[in-house]
Amino acid sequence: MYPIVRTSISIVAATGLLLFASVGQAWAHAQPAQQTPAPDATVSAPAAVTILYTEPIEAALSRLNVLDAQGKQVNTEKAHFTDSDHKSMQVALPKLSPGQYKVQWVAVADDGHRTHGGYTFTVK
Ligand SMILES: [Cu+2]
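The residue numbering used here restarts from 1 in each chain and proceeds along that chain's sequence as written. Since the coordinates come from a predicted model, pLDDT governs what is reported: local features require at least 70, and pairs of side-chain atoms require 80 or more to be given and counted, while whole-chain, interface and lining totals use all residues. Only hydrogens and water are removed before side-chain values are computed, so all heavy atoms of the structure are retained for them.

## With respect to the overall build of the protein
- A run of DSSP states H or I qualifies as a helix once it reaches four residues; a run of E qualifies as a strand once it reaches two. Both are numbered from the N-terminal end. The number of helices and strands found in the protein is 1 helix and 8 strands.
- Relative accessibility under 20% of the residue-type maximum defines a buried residue, over 50% an exposed one, and the middle range a partly exposed one, all with a 1.4 Å probe and only protein chains included. The buried share of the protein, reckoned over its 124 residues, is 28%.
- Contacts between residues were defined by any pair of non-hydrogen atoms, one from each residue, lying within 4.5 Å. Pairs at least 24 apart in sequence give 61% of the contacts found in the protein among residues at least 6 apart.
- For the protein, the accessible area works out to roughly 7,900 Å², and carbon and sulfur atoms hold 60% of it. Only the protein chains shown count as cover for residues, and the accessible areas themselves come from Shrake-Rupley with a 1.4 Å probe.

## Here we look at the sheet that holds strand S4 (residues 63–67)
- DSSP-based pairing: two strands are paired if at least 2 bridges between them are found. Strand order in the open sheet formed by 4 strands is S2-S8-S7-S4, with mixed pairing between adjacent strands. Looking along the sheet, the strands with just one partner apiece sit at the ends: strand S2 (42–43) and S4.
- Sheet topology note: the strand S7 (residues 99–108)/strand S8 (residues 114–123) ladder contains 10 bridges and is antiparallel. Within the sheet, the bridge partner assigned to Lys 102 lies in S8 and is Thr 120.

## A few points about the pairing of S8
- Relative to S8, S2 runs parallel, the two being bridged by 2 bridges. Paired with Thr 42 across the bridge in S8 is Thr 122.
- Between S7 and S8, which pair antiparallel one after the other, the connecting turn spans 5 residues, and Gly 112 there sits at a positive phi close to 90 degrees.

## Considering the coordination of the copper ion
- Around the copper ion, the protein contributes the donor atoms His 29 (NE2), Asp 111 (OD) and His 113 (ND1), which lie 1.9 to 2.7 Å from the metal centre.
- Note that water is not among the atoms considered, so a metal site may appear incomplete; the donors listed are N, O and S atoms within 2.8 Å of the metal, with 3.2 Å applied to Na, K and Ca. When the donor residues of the copper ion are listed from N- to C-terminus, their spacing reads H-x81-D-x1-H. With His 29 in the loop between helix H1 (2–26) and strand S1 (32–36) and Asp 111 in the loop between S7 and S8, this residue pair connects regions lying 82 residues apart in the sequence.

## Side note on the nonpolar core
- Remark: nonpolar core denotes a set of buried residues (Ala, Val, Leu, Ile, Met, Phe, Trp, Tyr, Cys) joined through side-chain atoms within 4.5 Å. Membership of the largest hydrophobic core comes to 22 residues, with the highest contact counts inside it found for Val 49, Tyr 53, Leu 64, Val 66, Val 103 and Phe 121.
- Broken down by element, this core gets its largest block of residues, 4 residues, from S7.
- Excluding residues that lie within four positions of it along the chain, Leu 64 makes contacts with Val 49, Ile 51, Asn 75, Ala 79, Met 89, Gln 90, Val 91, Val 103, Gln 104 and Trp 105.

## Structural notes on the packing of aromatic side chains
- Between rings of Phe, Tyr and Trp, where Trp is taken as its six-membered ring, a pair exists when centres lie within 6.5 Å; planes separated by under 30 degrees are stacked, by over 60 edge-to-face, and by other angles tilted. Using the criterion set out here, one finds 2 aromatic pairs in the structure.
- Centroid distance Tyr 53 to Trp 105: 5.5 Å. Interplanar angle 65 degrees. Geometry classified as edge-to-face. With Tyr 53 in strand S3 (residues 48–53) and Trp 105 in strand S7, the pair connects residues that are 52 residues apart, well separated along the chain. The same class applies to Tyr 53 and to Trp 105, which are both buried.

Right, here's the structure in full:
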């Protein structure tokens, strides 16, 4: 009787640890820590958009694009990393005319988890 009870307790404890580990991983997804230009900012035409993520991200699977008000992509170059630990992604921009622009990003963290989002800024 006792060995069975002890086994059950071990299984419950192990399951609890696994759940805890999963929650810990969920928090490790890459999220923007700093976005330049900032969301909803009105700025002079920026030379680039830069996003600093909370986690290193995978170059091949991650994206950073800028669209104009008509939804047309304005960056002609692909985004690249500005740091060796692959947390800061930047995309160069041509000279932007005044108007509203949308930043769209996809970030795949080293653990394979994908996050995505977007925001707008205005060029004065
Ligand atoms: Cu993750």
